[in-house]
Amino acid sequence: MGRRSTSPSSRRASRRRRATRPWGRLTIIGGTVAALVLAGFLWAPSLYNSLTVNRIPKATTAKLTPTQPAAALVGDTFPSAPGAAPCTRLNVLASPENAGMVRAVADAYQGAKRNAGGRCVDVKVAARKSGLAADDAARGFAATPADQQPAVWIPDASVWLATARSAKGQGSSIVPESGMSVASTAVTVAMPPEMAAALGWDAKPPTWADVYKVASDPRSWERAGKPEWGYFRIAKANPTMASSGLFALATAYSAAAGHSGMLTTADLASSFVTSQVRLGESATSSYLTTPAHFLNSIRDAADTKAASGTLSAVITDEKSVWEYNRGITSPDGTTLANGAPPKVQLTPYYPSDGVFAADSPAVVLSATWVGDAQRAAGEDFVRFARTTEGQTAVRASGFRDIRGEADLAVADAGHFGTASTILETPSAELVTGLQKGFAAVRKPARVLFAVDVSGSMRDEIQPGVTKIQAAKNAVDGALALFGYDDQVGIEGFSNKDGGALEPGVVQQLASVKAQRESISAKVHGLSPIAYTPLYEAVGLAVDTVGAGYRSDALNSVILLSDGTNDTARPGTLEDTIAKLSAQSATGKKIKVFTLAYGAQADTEALQKIAASSGGQYFDATDPTRIQDVLKDLASSL
């Protein structure tokens, strides 16, 4: 076995090798530590998540107010076996604002798998304007076909239960005092964000008094450095038809009374408060029956300047803003249409003194046609609507659930925010007072009814009822919707073999209050003639309204036609649209609201005429609906 050298030179070499080894070891150790540190950085987030994911769950919903309790929802379970066939038909009546949500809940309910009173359930959802449905309920739904009479009523707000019960008739006996809320949506001030920023409302929420003060000042946009936006134009719903309009009127009275607390009957009776509300209402550019119908008029606006001719702000609910921002509007007041998201989006702003919330209360009616089977089905459907599964469908439809929470995706698309507080719903007494007093404070209207009296108006829409008879009855009935300061005129339009338009304007614009009987007589004196000079009739109507134009009133034409421009008289659609554009350029804004009456109406031309004037198009191609549609239309002025 050999031995290690022990010579001086060998020992010195060995010491040199040992002297260099600590640095090598340090290099290896340092590299190892660096690798561990790098791995730690990469691994730490997953470690943190694994430790915290079950301790701090991510928010999936957005609350209306920061202090709202997050109560747990109860899950739903299917019965062990479905009920027997045939299924119980359950008619559910909703409002246009919440019908989509109610249908989504009905789909999730899966009635064929249910067992209510021993039967499966077939849910049928219909929609009707809240004000009209309340009138129907007060009359015991007597005019509703027997197979369509509702067992469950879900208006978009509890105020309509009170309205139906307080009216004379059967409302108090068939409509319960209160219902179970199945959804909610806050009524806000919706605006293009550029406009809100110009007023500073994006940084600091206004009060309701601030909103009405700005709306009443003709120089508001000039003071904000945006004179190109013209006047501040605020739109709101008619309080006799829609919850958002009723709540808007309540905030107007509270603001005029100088307090943010609960409105009182003394406020409604105060002449000073009423005068201030009337002043605020003078800034209203449009009264609307549904937000989706009104917002259709700005969906194609290229920018804020283009939208400013129609809208500065609209008092409406969050769900309607969510729908509009996604491109969902109503071209005819009845159906919803999907389109591309509008370039001019809206954002809801929540006044600092609080907002009202529409609560979609569900009630099972105590009516003779609601038997035990329907009652059982109705109660089961309402129960389901408040479960975890039912509320998932509610939130997916753009509403907040019964806890006031919205899906984050919905809140993002609708640009939802938070409110400082939720205002208490007005009492039945206050609701009645607000609705009855609306005619005295609303912005005055100057309206010319232009009625087609062509030969086809002799056609029957029901046995023994002609188009002209139904139209005259509807116009006469609509006169009751006009108030103390409103003026109405009547035009009939037709012609014979190339002759002049006739009978023409048979009633110049006059006070409805002073000349109601005379106006009514002129309506009933209209008779069918021959052809349809549609475009010439529009020009005559606009000229008639323009001759006495008032800047402090809503100057409008309501055009009812059942056909196309069938005449040898001069005029084209392009000429008519050019005339309407020229009229607006003079500063005299005259809106033409068109109504397609019957299946042969030229719906395309009527839509273009309405759009070019800033008016709206209404669909009564089912002529049996003329009375309801015309009531809707007259409420939109």
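Residues numbered from 1 in each chain as written. Predicted model: local features only at pLDDT ≥ 70, side-chain atom pairs only at ≥ 80, totals over all residues. Heavy atoms only, no water.

S.K.: Help me out: how do you make sense of the side chain of Ser184 in this one?
M.R.: Along the polypeptide, Ser184 turns up in the loop between β5 (180-181) and β6 (185-191). Looking at Ser184, its side chain comes within polar contact range of the main-chain oxygen of Asp401, at 3.4 Å. The contacts of Ser184, once residues within four sequence positions are left out, are Ala358, Asp359, Phe399, Arg400, Asp401 and Gly404. (Helix = DSSP H or I, 4+ residues; strand = E, 2+ residues; numbered from the N terminus. Polar contact = N/O pair within 3.5 Å; in protein donor to acceptor, adjacent residues only side chain to side chain. Contact = heavy atoms within 4.5 Å.)

S.K.: Looking at this model, I keep getting lost on the layout of surface pockets. Mind explaining?
M.R.: Empty space among the atoms becomes apparent when a probe as large as a water molecule is rolled across them. What the second largest pocket holds in volume is close to 820 Å³. Along the walls of the second largest pocket sit 34 residues, with Tyr231, Arg233, Lys443, Tyr549 and Ser551 positioned nearest its centre. Elements represented by at least two residues in the lining of the second largest pocket include exactly α7 (208-216), β8 (284-288), β21 (554-561) and β22 (591-597). Among the residues forming the lining of the second largest pocket, the class breakdown is 11 nonpolar, 15 polar and 8 charged. (1 Å grid on protein atoms, 1.4 Å probe; cavity = no way out; pocket = protein on both sides within 12 Å on 5 of 7 lines; lining within 4 Å. Points joined across faces, edges and corners; volume = space filled by probe spheres on them. Nonpolar A, V, L, I, M, F, W, Y, C, P; charged D, E, K, R; others polar.)

S.K.: Can you walk me through the state of the cysteines in this structure?
M.R.: In protein chemistry, a disulfide is the covalent bond that joins the sulfur atoms of two cysteines. The final tally for this structure, using the stated rule, is 1 disulfide. One disulfide bridge connects Cys87 with Cys120, the sulfur atoms lying 1.9 Å from each other. In this structure the cystine formed by Cys87 and Cys120 twists about its S-S bond by roughly -95°; its chirality is therefore left-handed. Of this pair, Cys87 sits in strand β2 (residues 84-94) while Cys120 sits in strand β3 (residues 119-127), and the two are 33 residues apart along the sequence. (Disulfide = S-S within 2.5 Å.)

S.K.: What exactly am I supposed to notice about the sheet that holds strand β19 (residues 487-494) here?
M.R.: Think of a sheet as strands paired side by side through backbone hydrogen bonds, with each pair either parallel or antiparallel. One open sheet holds the 6 strands; their spatial order is β20-β19-β16-β21-β22-β23, and the pairing between them is mixed. The open sheet has two free edges, formed respectively by β20 (502-511) and β23 (617-620), since each of these has just one partner strand. Taken over all neighbouring pairs, the strand axes of this sheet differ in orientation by 15° on average, direction set aside. Here 7 bridges tie strand β16 (residues 445-452) to β21, and the two strands are oriented parallel to one another. Among the inter-strand pairings, Phe449 is bridged to a residue of β21, identified as Ile558. On the sheet, helix α19 (residues 467-478) packs against β16, β19, β21 and β22 and is oriented at approximately 175° with respect to β16. The strands that helix α24 (residues 626-635) touches are β16, β21, β22 and β23; relative to β22, the one it contacts most, it runs at about 170°. (Pairing = 2+ DSSP bridges. Axes fitted to C-alpha atoms, helices over the stretch in contact; angles between N-to-C directions.)

S.K.: Just checking my understanding: could you explain helix α18 (residues 428-441) for this structure?
M.R.: Counting along an α-helix, one turn takes 3.6 residues, and residues three or four places apart therefore face a common direction. Between its terminal C-alpha atoms α18 stretches 20 Å, which fits the 20 Å expected from 14 residues at 1.5 Å a residue. Within α18, the axis deviates most sharply at Gln435, by approximately 25°. Listed in full, the buried residues belonging to α18 are Leu430, Val431, Leu434, Gln435, Gly437, Phe438 and Val441. Where α18 is buried, its residues touch α4 (159-166), α9 (243-257), α10 (265-269), α11 (271-281) and β8. (Expected span 1.5 Å × (residues − 1). Bend = angle between axes of the 7 residues up to and from the residue. Buried < 20%, exposed > 50% of the residue type's maximum accessible area, 1.4 Å probe, protein only.)

S.K.: Could you clarify how one ought to interpret the packing of aromatic side chains in this entry?
M.R.: Two descriptors summarise a pair of aromatic rings, namely the distance from one centre to the other and the angle between the planes of the rings. Scanning all chains against the criterion turns up 9 aromatic pairs. Aromatic side chains Trp208 and Tyr212 sit 6.2 Å apart centroid to centroid with 25° between the ring planes, which places their arrangement in the stacked category. One end of the pair, Trp208, and the other, Tyr212, are both in helix α7, 4 residues apart, so they sit about a helical turn from each other. We note that Trp208, like Tyr212, is buried. Feature note: the residues Tyr109, Phe381 and Phe384 constitute an aromatic cluster, connected by ring pairs. Against the face of Trp322 rests Arg326, its NZ or CZ located 4.1 Å from the ring centre. (Phe/Tyr/Trp six-rings, centres within 6.5 Å; stacked < 30°, edge-to-face > 60°. Lys NZ or Arg CZ within 6 Å of the ring centre and 35° of its normal.)

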